[in-house]
Structures are given as C-alpha cells and as structure tokens.
Amino acid sequence: MSHQHFKIYKPYGYLSQFIHNHKTRRNKSLLGELGEFPEGIMAIGRLDEDSEGLLFLTTDGKMSETVRSSNIEKEYYVQLDGIITEEAIEQLKSGVSIGFNGKKYLTAPCKAEILEAAPLFPERSKKIRDERHGPTSWASITLTEGKFRQVKKMTAAVGFPTLRLVRYRIANEYLTGMHSGEIFEVKSFKL
C-alpha cells in the first residue's frame, strides 16, 4: 500500500483532527473541512485551535512516529506580550519549569532568539489585540520535544505570555510561501 503525505498551513480556529468525537463540540472547525483527504489520514502532532502554521498529514503511522521523535526540530514564531529580554531568551534556552499532567516539568534546552522584525504572516481572522494595550515582540523557539501547550507555557514562565503562535518549520520543511488553509500533497517530507 502506498501512503499519502500532505503539508498544510493550519489556519487559526481549526482543530487538528478530522472527525468530531465525544470531547469536541459540533460547531468547531476541523481540518477535514479544508479539502478532500484519503481515508486513514492523520495529523502528525497537533496545533491548538488558536495556533497556526505548518502541520504534516499522513496515512503512514510509521512516518508519524518518525516526525514526532525527539530528534526532529519544530520551530515556532511567537508574538509575545511585551518586549522580550535577552535574559528571558537565555532562560528559555536553558529550560524552564512548566506544569504538565499536574506536575512540574523542566523543559529540555532549546534554541531561542529574538526576531528583530515581525514575520510576514497573513492577517489572523480574530484580531490579537489593540496597540493601546502595550507593545509586543516576536521570538523564534525551536524544540525537539512537544508537551501540551509547551511553547505557550514556556513563554509565560519567563514573563512574556504568547499572543500568537505560528509553527514555521518542521525539520527541513518550511511554511514559507504558503497561505493560510493551503494544502500541498508531497511525495515525502524533507527530514
């Protein structure tokens, strides 16, 4: 059996699933509404409903395991409440304590840097906030792990809550040139 693989720019407001289950409300938007997908399709990893960006889809469970493994980098661009400091970036790089499954968890060391200019992403369907509420800044955070809402918990732990999160890269696949909601079928992923 040959498998199918897709890159998708997951829009804001969509759940990273294809069917409603007992936990999801029927009025939630699902990935399956963005196009026609083969039977057995699954998202590799997840992005929260209010997160955006690069998501891989596949019919191959082994590929899903490979991408979710701890040696595959996932890079996120995050818009933060306030002007993030170099000290906070250094804390992120070293690992910070976050809550996970009711316990404290120390995140693995990661790559983090301040982005000098805001990345050019499509306007989000729901406005983030008005400039009157104070300045914002952007940072890049690259992880090889992925706990539930990890990036948001990490930035909050260093005093700069995440206002917008966009997954920009998985391994050697980038969001560059894609539009929100766009889907590309690929022969394989560049890992």
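In this report, we go over the structure that sits alongside the text.

What counts as what
- Each chain carries its own residue numbering, running from 1 in the written order of its sequence.
- Under the rules for a predicted model, residues below a pLDDT of 70 receive no local features and side-chain atom pairs below 80 are neither given nor counted, while totals for whole chains, interfaces and linings still include all residues.
- For side-chain calculations, the full set of non-hydrogen atoms in the structure is used, while hydrogens and water are omitted.
- Elements are defined by DSSP. Helices are runs of H or I of four residues or more, strands are runs of E of two residues or more, and each kind is numbered from the N terminus.
- Only C-alpha atoms enter the radius of gyration, while the globule expectation follows 2.2 Å times N to the 0.38, with N the number of residues.
- A simple rule labels every residue: compare its accessible area, found with a 1.4 Å probe on the protein chains alone, to the largest value its type can have, and call it buried under 20%, exposed over 50%, or partly exposed in between.
- Residue contacts are counted whenever heavy atoms from the two residues lie within 4.5 Å of one another.
- As used in this structure description, the phrase polar contact means that two N or O atoms lie within 3.5 Å; if the pair is within protein, one of them must be able to donate a hydrogen and the other to accept it, and residues adjacent in sequence are counted only when both atoms belong to side chains.
- Nine residue types can take part in a nonpolar core, namely buried Ala, Val, Leu, Ile, Met, Phe, Trp, Tyr and Cys, and a core is a set of them joined through side-chain atoms within 4.5 Å.
- The pairing test for Phe, Tyr and Trp rings, Trp by its six-membered ring, is centres within 6.5 Å, and the orientation test on the planes gives stacked under 30 degrees, edge-to-face over 60, and tilted for anything in between.

## Concerning the overall build of the protein chain
What the protein chain contains, in helices and strands, is three helices and 13 strands. Relative to its length of 191 residues, the protein chain is compact, with a C-alpha radius of gyration of 17 Å against a globular reference of 16 Å. A principal-axis box enclosing the C-alpha atoms of the protein chain has dimensions of 50 × 35 × 35 Å. Expressed as a percentage of its 191 residues, the buried residues of the protein chain come to 47%. Restricting the contact set of the protein chain to residue pairs at least 6 apart, pairs at least 24 apart contribute 70%.

## Describing the environment of Tyr-76
Relative to the helices and strands, Tyr-76 is located in strand 6 (residues 74–81). Looking at Tyr-76, the relative accessible area reads 9%, which means it is buried. Remark: the alpha-carbon pair of Tyr-76 and Leu-15, spanning 61 residues in sequence, is separated by 18 Å. Setting aside chain neighbours within four positions, we find Tyr-76 in contact with Leu-47, Ala-139, Ser-140, Ile-141, Leu-143, Val-151, Leu-165, Val-166, Arg-167 and Tyr-168. A distance of 3.4 Å separates a polar atom in the side chain of Tyr-76 from a polar atom in the side chain of Arg-167.

## A few points about helix 3 (residues 150–157)
What helix 3 keeps buried is the set Gln-150, Val-151, Lys-152, Met-154 and Thr-155. On the buried face of helix 3, the contacting elements are strand 6, helix 2 (86–94), strand 7 (97–100), strand 10 (136–143) and strand 11 (162–170). Gly-159 sits one or two residues past helix 3 and shows a positive phi near 90 degrees.

## What to know about the nonpolar core
If you look at the biggest cluster of nonpolar residues, it comprises 20 residues, and the most contacted ones within it are Val-78, Leu-92 and Ile-141. At the level of elements, strand 6, helix 2, strand 10 and helix 3 are the ones that each hand at least two residues to this core. In contact with Leu-92, not counting residues within four places along its chain, are Ile-84, Cys-110, Ala-112, Ile-141, Met-154, Thr-155 and Val-158. The next biggest cluster of nonpolar side chains, apart from the first, holds 18 residues, and it includes Phe-56, Leu-115, Ile-170 and Ala-171.

## Thoughts on the packing of aromatic side chains
In this structure the tally under the stated criterion is eight aromatic pairs. Between Phe-18 and Phe-37 the ring centres are 5.4 Å apart and the planes differ by 75 degrees, which places this aromatic pair in the edge-to-face class. Of the two residues, Phe-18 is situated in the loop between strand 2 (14–15) and strand 3 (29–30) and Phe-37 in the loop between strand 3 and strand 4 (42–44); the sequence distance between them amounts to 19 residues. Taking 3.9 Å as the distance between ring centres and 5 degrees as the angle between the ring planes, the aromatic pair formed by Phe-56 and Phe-189 counts as stacked.

## What about the environment of Gln-4?
Inspection of the secondary structure puts Gln-4 in the segment before strand 1 (5–10). Placed 75 residues apart in sequence, Gln-4 and Gln-79 show a C-alpha to C-alpha distance of 33 Å. Apart from the residues within four sequence positions on either side, Gln-4 is in contact with Pro-38, Leu-57, Thr-58, Thr-59 and Glu-185.

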